[in-house]
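# Structural description and commentary
Now for the letters of each chain:
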Amino acid sequence: MSATQARTPPPPSHRSLDETPLGATLVALRGVDKTFANGTTALSGLALDIRENEFVSLLGPSGCGKSTALRILAGLIPPSRGEVAWAGGGRAEDHRGEIGFVFQEPTLMPWASVADNVYLPLRLRGVSRRDAGDAIAASLALVGLSKFAEAYPRELSGGMKMRVSIARALSLRPRILLMDEPFAALDEITRFKLNDDLLRLQHEFACTVVFVTHSVYESVYLSTRIVVMAARPGRIVAEIPIGAPTPRTETFRTTPLYGALCREASAALHGAMDADPAGGSAHL
Amino acid sequence: MSEANPAAEAGRVATVRAPIEAAAPGGSGSRPDPARLLRVALPLGLFALVVLGWERWVVAYEVPHYILPAPSRIMETMIADWPVLWASLLQTLKTTFLGLALAVLGGVGLAVLLSLSRLVEYSLYPYAVVLQVTPVVAISPLLLIYMPQEAAVLTCAWIVAFFPILSNTTLGLQSVDRNLLELFDLYGATKPRWAPPWLGRFLSRVKALWYLRRPAALPYFLAGLKIAGGLALIGAVVAEIAAGSAGAGSGLAYRILESQFRLNIPRLFAALVLLSLTGVVIFLALSAVSHLLLRRWHESAIAEER
Ligand SMILES: Nc1ncnc2c1ncn2[C@@H]1O[C@H](COP(=O)(O)OP(=O)(O)O)[C@@H](O)[C@H]1O
Ligand SMILES: [Mg+2]
């Protein structure tokens, strides 16, 4: 039981993020280069500070190294040069219980029920199924899937599978949630709904989110900061703070500020693509 | 997120779930389905027609029974010779299932070893392929020289059944979602502190094997088992025939050979009928096992959704 009780979820805070001072740096990439075994240089000189309670979007054309950056942050692959520095020291391995990871695909085990899928991270940490019961139920309740605990993944819609994937990432009560284009494959209605749910979750949970996306609108709506990346080699070309108050609701999409920010992010993204020597637009 | 959220999606789910739940109690035959009925009735009807035609033809042209016995005559022989045939059937079944069981043990065991160690994979896999591509008919006379007859027959059944299980299970163990394995690294890499790194890596491989590769490989293994079941019978028969031409044996295939020598063609047919029935039963039984194990989650086992 050690894993879950050691990190009990923080009590739901209903302060807005504005009142929660963007705290100390939680984790930082320092001068990170990544060259794969086949010679592809995916990242070059990446420096990025993720502060507590931030919602950072990594925005960039496909192939610019967003996933690679996220995977390095999670400690799934090592950087070729540079380091991942965690607050309080230690390497990624020492912070694994604090990281929740969500892929673009739901990546569920088809042979296991929804509850058993959510149980996986707990099971791997040696928590017995009985002790994990409450944590599983709580995670499923967070994503609104309590009624589907015994269903199998194939019986769920795409949006619901994604919710299960998020519930699984939340089951260890992570301090930081890393999400790699989690909603890219969903239809727009489902995506909007999940965007709002994600914001609410982050708010109740007071966790930090790093969110990879190639959608300008999504990044503006969700983030407190957008980091725009360019390809070949993958690097950061712009940072756009999103000063709009949180929590946000649908009405934010209709404000002039939203429009202005979308134009700004879009311009930065297109700048990034024009800067691409191989012609980023062609790569899309 | 609120409970009300997935209400819209739940509507979609209900339509997907309904057919499964309807089909679950009492298999899928609880409601007679014309297409399904036809699929059973057509081959049965054809069978009856052929048997009837055969009977008529033999009677009408007075074909001697040592050339082509009538179906009724085959049935009579089956009943009259039942003690002999039954003993032979048991012998063949014993060889087949023992061969299959050993093939499962060996095939799965080796596949697991291959998945845990590249060294084992590189050194052993080529031999498994050689064993597979060499026709068993050609090996069996040799085996009969070096082994007691029963052991040789069993070995033949094992050789042919082994490879589909090995190759399917190996493929299955490798076909886990990459991302799931990464997730596993992320959450499962808590190694015991006392363990040296290599042991830690080995333990996490074993964990991944148990939690991810084993269930992912199950459908592949079962597909291999279905093939292997039929092949084990073929292997047993081939070896019995080889043994039979050396004048020894007691299985169904040996009865076929013996009946041919003695021109006891009705008994030959009876043995042949038993042999193909055995094959059909093995196939159906393994299909049923596969369906039972996979019906909750695997696409191959889920009733077509209308
Ligand atoms: N395992 C790998 N081996 C070799 N090259 C890779 C690997 N993963 C990614 N790349 C390359 O690194 C670059 C960045 O990839 P990725 O991080 O997936 O981009 P993004 O997520 O922004 O679309 C791409 O050119 C891709 O082809
Ligand atoms: Mg990507």
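The rules behind these values
Residues numbered from 1 in each chain as written. Chains lettered and ligands numbered in written order. Predicted model: local features only at pLDDT ≥ 70, side-chain atom pairs only at ≥ 80, totals over all residues. Heavy atoms only, no water. Helix = DSSP H or I, 4+ residues; strand = E, 2+ residues; numbered from the N terminus. Buried < 20%, exposed > 50% of the residue type's maximum accessible area, 1.4 Å probe, protein only. Contact = heavy atoms within 4.5 Å. Areas by Shrake-Rupley, 256 points an atom, 1.4 Å probe, with all protein chains shown as cover. pLDDT = per-residue confidence, 0-100. Arc of directions from axis to C-beta. Near = heavy atom within 4 Å. Polar contact = N/O pair within 3.5 Å; in protein donor to acceptor, adjacent residues only side chain to side chain. Nonpolar A, V, L, I, M, F, W, Y, C, P; charged D, E, K, R; others polar. Buried area = accessible area lost by both parts, 1.4 Å probe. Salt bridge = Lys/Arg side-chain N within 4 Å of Asp/Glu carboxyl O. Axes fitted to C-alpha atoms, helices over the stretch in contact; angles between N-to-C directions. Left-handed = near helix turned anticlockwise from the far one by under 90°. 1 Å grid on protein atoms, 1.4 Å probe; cavity = no way out; pocket = protein on both sides within 12 Å on 5 of 7 lines; lining within 4 Å. Points joined across faces, edges and corners; volume = space filled by probe spheres on them. Phe/Tyr/Trp six-rings, centres within 6.5 Å; stacked < 30°, edge-to-face > 60°. Lys NZ or Arg CZ within 6 Å of the ring centre and 35° of its normal. Pairing = 2+ DSSP bridges. Parallel < 35°, antiparallel > 145°, perpendicular 65-115°, else oblique.

### Things to note about the overall build of chain A
Helix and strand content of chain A: 9 helices and 9 strands. Taking all 284 residues of chain A together, the buried fraction comes to 58%. Look at the contacts in chain A between residues 6 or more apart in sequence, and 73% of them connect residues 24 or more apart. A total accessible area of about 11000 Å² is found for chain A, and carbon and sulfur atoms account for 54% of it.

### With respect to the confidence of the model for chain B
All names here are of chain B. Mean pLDDT over chain B: 84, with 85% of residues reaching 70 or higher. For residues 1-29, every residue scores under 50 in pLDDT, and the model assigns this stretch 49 contacts once sequence neighbours within four places are set aside. Overall fold confidence (pTM) sits at 0.81, and the ipTM for the predicted complex is 0.79.

### Some remarks on helix H6 (residues 136-146) of chain B
Residues spaced three or four apart along an α-helix point in a common direction, a consequence of the helix completing one turn every 3.6 residues. All names here are of chain B. Turning to H6, its buried residues are Val136, Ile139, Ser140 and Leu143. Mapping the buried residues of H6 onto a view down its axis gives an arc of 110 degrees, with all of them on the same face. Turned more than 90 degrees from where H6 packs its buried face, Val137, Ala138 and Ile145 sit exposed.

### What to know about the site of ligand 1
Residues and elements named next belong to chain A. Around ligand 1, the neighbouring residues are Phe36, Asn38, Thr40, Ala42, Pro61, Ser62, Gly63, Cys64, Gly65, Lys66, Ser67 and Thr68. In this structure, an oxygen atom belonging to ligand 1 sits 2.7 Å away from a main-chain N or O atom of Gly63. Taking Thr68, its side chain carries an N or O atom lying 2.5 Å from an oxygen atom of ligand 1. Against a free-state accessible area of 560 Å², the protein chains account for coverage of 65% of ligand 1. Looking at which element gives the most residues to the shell around ligand 1, the answer is helix H2 (residues 66-74), with 3 residues. Residue composition of the shell around ligand 1, grouped by class: 4 nonpolar, 7 polar and 1 charged.

### Here's the deal with the interface of chain B and chain A
Accessible area lost on assembly of the parts is the figure often given for the size of an interface. Contact residues are listed per partner, giving 34 residues for chain B and 46 residues for chain A. Overall, the association of chain B and chain A removes approximately 3800 Å² of surface from exposure, summing both partners, and the carbon and sulfur fraction of that is 59%. Between Arg71 of chain A and Glu182 of chain B there is a salt bridge; the shortest N-O distance is 2.2 Å. Between chain B and chain A we count 4 residue pairs in polar contact (both at pLDDT 80 or more) in total. Among the elements of the structure, helix H1 (7-23), helix H8 (178-188) and helix H9 (197-245) of chain B are those that each provide at least two residues to the side of chain B that touches chain A. Top element by residues in the side of chain B that touches chain A is H8 of chain B. It accounts for 9 residues. Classifying every residue of the side of chain B that touches chain A gives 18 nonpolar, 5 polar and 11 charged.

### Quick word on the pattern of salt bridges
Summed over all chains, the structure comprises 18 salt bridges over all chains. A single salt-bridge network, built from bridges that share partners, covers Asp81, Arg255, Glu258, Arg262 and Arg267 of chain B.

### Here we look at the packing of helix H4 (residues 82-116) of chain B against helix H7 (residues 149-174) of chain B
All names here are of chain B. In contact at an axis separation of 6 Å, H4 and H7 are set at 40 degrees when each is read in the N-to-C sense. Here the hand of the crossing between H4 and H7 comes out right-handed. Its residues placed into classes, the contact of H4 with H7 shows 19 nonpolar, 8 polar and 2 charged.

### Side note on empty space enclosed by the protein
Residues and elements named next belong to chain B. Under the criterion given, the structure shown has 2 cavities of 30 Å³ or more. Its volume calculated, the second largest cavity comes out at about 30 Å³. Counting only elements with at least two residues in the lining of the second largest cavity, the list comes to H4 and H7. Each residue belonging to the lining of the second largest cavity can be placed in one class, and the counts come to 3 nonpolar, 3 polar and 1 charged.

### A word on the packing of aromatic side chains
All names here are of chain A. Scanning the model with the defined rule gives 12 aromatic pairs over all chains in all. Taken together, Phe55, Phe183 and Phe211 form an aromatic cluster joined through their ring pairs. Lying across the ring of Tyr221, Arg253 places its NZ or CZ 3.7 Å from the centre.

### Quick look at the pairing of strand S8 (residues 225-230) of chain A
Residues and elements named next belong to chain A. A large share of S8 lies buried, amounting to 6 of its 6 residues. Side chains Arg225, Val227 and Met229 of S8 all project onto a buried face; the interleaved residues Ile226, Val228 and Ala230 project onto the opposite face, where all are buried too. Pairing between strand S3 (residues 55-59) and S8: 4 bridges, direction parallel. By the bridge assignment for S8, Leu58 is matched with Val227. Linkage of S8 to strand S9 (residues 235-241), two consecutive antiparallel strands, is achieved through a turn of 4 residues, within which Arg232 is found at a positive phi near 45 degrees.

### Let's talk about the sheet that holds strand S1 (residues 25-35) of chain A
Residue and element names in this part refer to chain A. As summarised here, the arrangement of the 3 strands in space is S2-S1-S4, forming an open sheet in which the pairing is antiparallel. Of all strands in the sheet, those with a lone pairing partner are strand S2 (41-51) and strand S4 (81-86), marking the two edges. Strand-to-strand twist across the sheet, computed as the mean angle between neighbouring axes with direction ignored, equals 10 degrees. Pairing geometry for S1 and S2, over 7 bridges, is antiparallel. Considered in S2, the bridge of Ala28 is made with Asp49.

### As for the packing of helix H3 (residues 71-80) of chain B against H4 of chain B
Residues and elements named next belong to chain B. Where H3 meets H4, the closest approach of the two axes is 5 Å, and the angle between their N-to-C directions is 80 degrees. Between H3 and H4, the crossing angle belongs to the class labelled roughly perpendicular. Residue-level contacts link Thr77, Met78, Ile79 and Ala80 of H3 to Trp82, Pro83 and Leu85 of H4. Among the residues forming the contact of H3 with H4, the class breakdown is 6 nonpolar, 1 polar and no charged.

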